[in-house]
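# Fold and contact review
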Amino acid sequence: KVSGRNQIRRFDSTLRERATGRARALLDLRMAVQNGEFELAYQPQVSAATGAVVGFEALLRWNHPVSGVVSPADFISVAEETGLIVPIGAEVLRTASALATTWPDHVRIAVNVSQVQLRSVGYVESVRNVLRETGLAAERLEIEVTESLVIDDSDREVLLRIAELGVAIAMDDFGTGYSSVASLSLLPVDRLKIDRAFVSQLDADPTESRTAVFRAIVDIAESMGLETVAEGVETDRQRAVVTECGCRVVQGYLEGRPMPAADVDAFIESRRNYRLPSAAE
Ligand code: C2E
Ligand code: MG
Ligand code: MG
Ligand code: MG
């Protein structure tokens, strides 16, 4: 009985701590928006065939004054629940698009969009405004929508209007969520980003079933006219297998970690006329 009471008290205080932690996080997040504590890191996407840079994905970082750099995994959900993701996401889109206008024309910028943002009033107009104000060509902008979300008819409508602007749409984290091949064909998707979970399993024997699964995803995507991107490529072996499976673009620590805006130009330059060692021989 005594230990039971202790347990209840412990449970109680954990709950309170969690609630306080959330309230604290919300306050901090509001301050962060006001004080401009967010920064973007840019991760390269390179051609599997040539190693040349085809684009960058903008990834949000929060420079918390006390905690240091906070990962999006630790604050995006709070930002979504509170609606703060809308102003934060608008700033991400504007900043990333403006930076991309300073890059060579063939280099795209991919920006993640939360479903909360997608469903907010005036989202399509805000994308159109950013394109007009920054002068970025619509074809150079790509919106990444997470596949783990249930996409309903109104989301589909918004995506169609985005696509009408000429903006590309990528299905992010493909293979982890609910979308079926059938539902994919109803969406204006240009690119499939195959989730890291499928890529990280490719280090073993290439004849095994995991490679077959990866190859099947690429084949289906290609047959639907979609380009494939392998997420989270960390080893030479993984890159070789995904390339052999017909995947067009690779993104991951092997090619490059998310980097500050100031390093992007040098990275693009370092990959100019780049050929993978095997192709150069
Ligand atoms: P995501 O869009 O799937 O982004 C890829 C994540 O995988 C990034 O994590 C990236 O740093 C990480 N990654 C890339 N290559 C590798 C690799 O080779 N190995 C491993 N282990 N990880 C790799 P990050 O930056 O922590 O972002 C996590 C998620 O947060 C993103 O997943 C995205 O869903 C979300 N996110 C990031 N920025 C934004 C944003 O501006 N808006 C919204 N709504 N969500 C964002
Ligand atoms: Mg993404
Ligand atoms: Mg992803
Ligand atoms: Mg992911």
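All of these numbers come straight from a predicted model, not from anything done at the bench. (Residues numbered from 1 in each chain as written. Chains lettered and ligands numbered in written order. Predicted model: local features only at pLDDT ≥ 70, side-chain atom pairs only at ≥ 80, totals over all residues. Heavy atoms only, no water.)

Attention shifts here to the coordination of the magnesium ion (ligand 3). Ligation of the magnesium ion (ligand 3) by protein atoms is provided by Asp172 (OD), Asp173 (OD), Glu231 (OE) and Glu231 (OE), these donors lying 1.9 to 2.8 Å from the ion. We note that the donor set of the magnesium ion (ligand 3) lies within a single chain, spaced as D-D-x57-E. Between the magnesium ion (ligand 3) and the magnesium ion (ligand 2) the interatomic distance comes to 3.9 Å, and Asp172 is a ligand of both metals. With Asp172 in strand 6 (residues 168-174) and Glu231 in the loop between strand 8 (227-230) and helix 10 (236-244), this residue pair connects regions lying 59 residues apart in the sequence. The same class applies to Asp172 and to Glu231, which are both buried. (Donors = N, O, S within 2.8 Å, 3.2 Å for Na, K, Ca; no water. Helix = DSSP H or I, 4+ residues; strand = E, 2+ residues; numbered from the N terminus. Buried < 20%, exposed > 50% of the residue type's maximum accessible area, 1.4 Å probe, protein only.)

For the rest of this paragraph, the subject is the site of ligand 1. Contacts to ligand 1 come from 22 residues, most closely from Arg61, Asn112, Asp172, Glu234 and Tyr253. Contact between ligand 1 and Gln43: a nitrogen atom at 3.0 Å from a side-chain N or O atom of the residue. Between ligand 1 and the protein, one listed contact pairs an oxygen atom with a side-chain N or O atom of Arg61 at 2.8 Å. Calculation on ligand 1 without its partners gives an accessible area of 800 Å², and the protein chains cover 83% of this total. If you list the elements that add at least two residues to the shell around ligand 1, you get strand 2 (53-64) and strand 6. Ranked by residue count, the leading element in the shell around ligand 1 is strand 2, at 4 residues. (Near = heavy atom within 4 Å. Polar contact = N/O pair within 3.5 Å; in protein donor to acceptor, adjacent residues only side chain to side chain. Areas by Shrake-Rupley, 256 points an atom, 1.4 Å probe, with all protein chains shown as cover.)

In this section: the packing of helix 5 (residues 123-134) against helix 6 (residues 153-164). Between helix 5 and helix 6, whose axes approach to 10 Å, the crossing angle comes to 20°. Considering their axes alone, helix 5 and helix 6 lie roughly parallel with respect to each other. The crossing of helix 5 and helix 6 is right-handed. Touching Tyr123, Val124, Glu125 and Val127 of helix 5 are Val158, Arg161 and Ile162, all from helix 6. Across the contact of helix 5 with helix 6, the residue classes tally to 5 nonpolar, no polar and 2 charged. (Axes fitted to C-alpha atoms, helices over the stretch in contact; angles between N-to-C directions. Parallel < 35°, antiparallel > 145°, perpendicular 65-115°, else oblique. Left-handed = near helix turned anticlockwise from the far one by under 90°. Contact = heavy atoms within 4.5 Å. Nonpolar A, V, L, I, M, F, W, Y, C, P; charged D, E, K, R; others polar.)

Take the confidence of the model for the protein chain next. Close inspection of predicted coordinates is inappropriate for parts of the model with low pLDDT. Overall, the prediction assigns the protein chain a mean pLDDT of 89, with 89% of residues at 70 or greater. Among the prediction metrics, the complex's ipTM stands at 0.98, with pTM recorded as 0.91. (pLDDT = per-residue confidence, 0-100.)

Applying the stated criterion across every chain, the model contains 16 salt bridges. Among the salt bridges present, the one from Glu125 reaches Arg128, with a minimum N-O distance of 3.9 Å. Of the two residues, Glu125 and Arg128 are both situated in helix 5; the distance of 3 residues between them amounts to about one turn of the helix. The exposure class of Glu125 is partly exposed, given its relative accessible area of 32%. The partly exposed category is assigned to Arg128, whose relative accessible area is 39%. Among the ionic pairs, Lys193 bridges to Glu144, the shortest N-O distance being 2.7 Å. Here the residue Lys193 occupies a position in strand 7 (residues 191-194), and Glu144 occupies one in strand 5 (residues 141-146), the gap between them amounting to 49 residues. Take Lys193: its relative accessible area is 0%, and that puts it in the buried class. Glu144 gets classed as buried once you look at its relative accessible area, which sits at 0%. (Salt bridge = Lys/Arg side-chain N within 4 Å of Asp/Glu carboxyl O.)

Attention shifts here to the pairing of strand 5. For strand 5, a buried count of 6 out of 6 residues is recorded, marking the element as mostly surrounded by other parts of the structure. Burial along strand 5 is two-sided: the residues Leu141, Ile143 and Val145 and Glu142, Glu144 and Thr146 are all buried. As paired strands, strand 4 (residues 108-113) and strand 5 are joined by 5 bridges and run parallel to one another. Within strand 5, the position partnered with Val113 by the bridge is Val145. By the bridge criterion, 5 bridges tie strand 5 to strand 6 in an arrangement that is parallel. Across the sheet, Glu144 pairs through a bridge with Ala170, a residue of strand 6. (Pairing = 2+ DSSP bridges.)

A positive phi angle, close to 55°, is found at Asp173, a residue other than glycine. With respect to the helices, strands and loops of the structure, Asp173 is situated in strand 6.

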